[in-house]
Amino acid sequence: QKEVEQNSGPLSVPEGAIASLNCTYSDRGSQSFFWYRQYSGKSPELIMFIYSNGDKEDGRFTAQLNKASQYVSLLIRDSQPSDSATYLCAVQNSGNTPLVFGKGTRLSVIA
Amino acid sequence: DAGVTQSPTHLIKTRGQHVTLRCSPISGHKSVSWYQQVLGQGPQFIFQYYEKEERGRGNFPDRFSARQFPNYSSELNVNALLLGDSALYLCASTDIGAVTEAFFGQGTRLTVV
């Protein structure tokens, strides 16, 4: 059974701080890792993906991957109230195979 | 470019009824996947279609079926609805490649009463 684990939160951070969201996965064969943002009542929106060990930066977002530890994280710098949402971690074995999602972490950015 | 479109956006059905949900992928994308998301959980994979053929199926009962049409749009059908089928049904559109980013439609909120 492939599993993706996330702390459900809520994770509360003050405006302007760095939010750190974590995800672990059970399948060592996993190749690609995705972060989605989901506002309440809306569908998931792709933020970024990563498939190589290390860091990948896109604007205020940085994804970090450590395959040896089966761990992926998302850092959000200069957090804004508009970042308040549920963040879903998804894992994929290879191209065009189904995504396996965690339950998501609810982030609350306090103004 | 139009994104992934799903219809209807909301639906209320009675137990035992049948429902059909529709999805049009992003232009040029040939693969469509369906996911079910119940409240408080992450999306769960139901089906994947590519080039009109089923390429994967999740752990869902035979009451769930789907198909893909020549224009790559897709339908998800659910028979004999149960209260537990109430969920947000998501369609994901992907291109084919080594890393395939899945883009979701706005979803169909199904409520079974």
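The structure reproduced in this document is the subject of the present report. (Residues numbered from 1 in each chain as written. Chains lettered and ligands numbered in written order. Predicted model: local features only at pLDDT ≥ 70, side-chain atom pairs only at ≥ 80, totals over all residues. Heavy atoms only, no water.)

A count of helices and strands for chain B gives 0 helices and 11 strands. Listed N to C, the secondary structure of chain B is β-β-β-β-β-β-β-β-β-β-β in terms of helices and strands. In terms of C-alpha radius of gyration, chain B reaches 13 Å, essentially the compact-globule figure of 13 Å for 113 residues. Counting only residues that meet the buried cut, chain B has 50% of its 113 residues in that class. Here the contacts in chain B between residues at least 6 apart in sequence split such that 52% fall between residues at least 24 apart. Summed over its atoms, the accessible surface of chain B is roughly 5,400 Å², and 50% of this surface lies on carbon and sulfur atoms. Both charge centroids of chain B, one from 10 positive and one from 9 negative side chains, sit 9 Å from each other. (Helix = DSSP H or I, 4+ residues; strand = E, 2+ residues; numbered from the N terminus. Rg over C-alpha atoms; globule rule 2.2 N^0.38 Å. Buried < 20%, exposed > 50% of the residue type's maximum accessible area, 1.4 Å probe, protein only. Contact = heavy atoms within 4.5 Å. Areas by Shrake-Rupley, 256 points an atom, 1.4 Å probe, with all protein chains shown as cover. Lys, Arg positive; Asp, Glu negative; His and termini not counted. Charge placed at Lys NZ, Arg CZ, Asp CG, Glu CD.)

Before going further, it helps to spend a moment on the interface of chain B and chain A. Taken together, the contacts link 25 residues of chain B with 21 residues of chain A. Across the chain B/chain A interface, buried area totals approximately 1,700 Å², and carbon plus sulfur atoms make up 55% of it. For the interface between chain B and chain A, the tally reads 0 salt bridges. For the pair chain B and chain A, the interface holds 4 residue pairs in polar contact (both at pLDDT 80 or more). Residue assignment for the side of chain B that touches chain A shows that the elements contributing at least two residues are β4 (31-37), β5 (44-50), β9 (87-94) and β10 (103-104) of chain B. Taken together, the residues of the side of chain B that touches chain A sort by class into 12 nonpolar, 11 polar and 2 charged. (Buried area = accessible area lost by both parts, 1.4 Å probe. Salt bridge = Lys/Arg side-chain N within 4 Å of Asp/Glu carboxyl O. Polar contact = N/O pair within 3.5 Å; in protein donor to acceptor, adjacent residues only side chain to side chain. Nonpolar A, V, L, I, M, F, W, Y, C, P; charged D, E, K, R; others polar.)

Residues and elements named next belong to chain B. If you trace the 4 strands from one edge of the open sheet to the other, you get β1-β3-β8-β7, paired in antiparallel fashion. Among the strands making up the open sheet, the edge pair consists of β1 (5-7) and β7 (64-68). On average, adjacent strands in this sheet sit at an angle of 15° to one another, irrespective of strand direction. Both β1 and strand β3 (residues 19-24) contribute to a ladder of 3 bridges, which runs antiparallel. Within β3, the position partnered with Ser-7 by the bridge is Arg-22. (Pairing = 2+ DSSP bridges. Axes fitted to C-alpha atoms, helices over the stretch in contact; angles between N-to-C directions.)

This next bit is on unusual backbone geometry. Cis peptide bonds are those with omega within 30 degrees of zero, and the linkage from Gly9(A) to Pro10(A) qualifies with 10°. Along the chain, the position of Pro10(A) falls in the loop between β1 (4-5) and β2 (11-14). Of note, Ala80(B) is a non-glycine position whose phi angle comes to about 45°, a positive value. Within the secondary structure layout, Ala80(B) lies in the loop between β8 (74-78) and β9.

The next subject is the state of the cysteines. All names here are of chain A. Under the definition given, this model contains 2 disulfides over all chains. Each sulfur in the disulfide pair Cys-23 and Cys-89 lies 2.1 Å from the other. For the disulfide bridge between Cys-23 and Cys-89, the dihedral angle about the S-S bond is near -70°, and by the sign convention the bridge is left-handed. In this pair, Cys-23 is assigned in strand β3 (residues 19-25) and Cys-89 in strand β9 (residues 85-92), connecting sequence segments 66 residues apart. (Disulfide = S-S within 2.5 Å.)

Quick look at the pairing of β3(B) now. Judged from the 5 bridges that link them, β3(B) and β8(B) form a sheet pairing that is antiparallel. Among the inter-strand pairings, Thr20(B) is bridged to a residue of β8(B), identified as Asn77(B).

This part is about the side chain of Gln70(A). Tracing the chain through its elements places Gln70(A) in the loop between β7 (61-66) and β8 (71-76). Residues within four places of Gln70(A) in sequence aside, it is in contact with Cys23(A), Thr24(A), Tyr25(A), Ser26(A), Asp27(A) and Arg28(A).

Residues and elements named next belong to chain B. Tallied over the entire structure, the rule returns 10 salt bridges over all chains. In this structure, the salt-bridge partner of Asp-62 is Arg-57, at a minimum N-O distance of 3.6 Å. We classify Arg-57 as partly exposed; its relative accessible area is 35%. Between Glu-75 and Arg-67 there is a salt bridge, and its shortest N-O distance comes to 3.3 Å. Overlapping salt bridges, with partners in common, bring together Arg-22, Arg-67 and Glu-75 in one network.

So, about the environment of Ala63(A). Residues and elements named next belong to chain A. Locating Ala-63 in the fold gives a position in strand β7. Residue classification places Ala-63 among the buried positions, given a relative accessible area of 0%. Along the backbone, Ala-63 and Asn-7 are 56 residues apart, and their C-alpha atoms lie at a distance of 17 Å.

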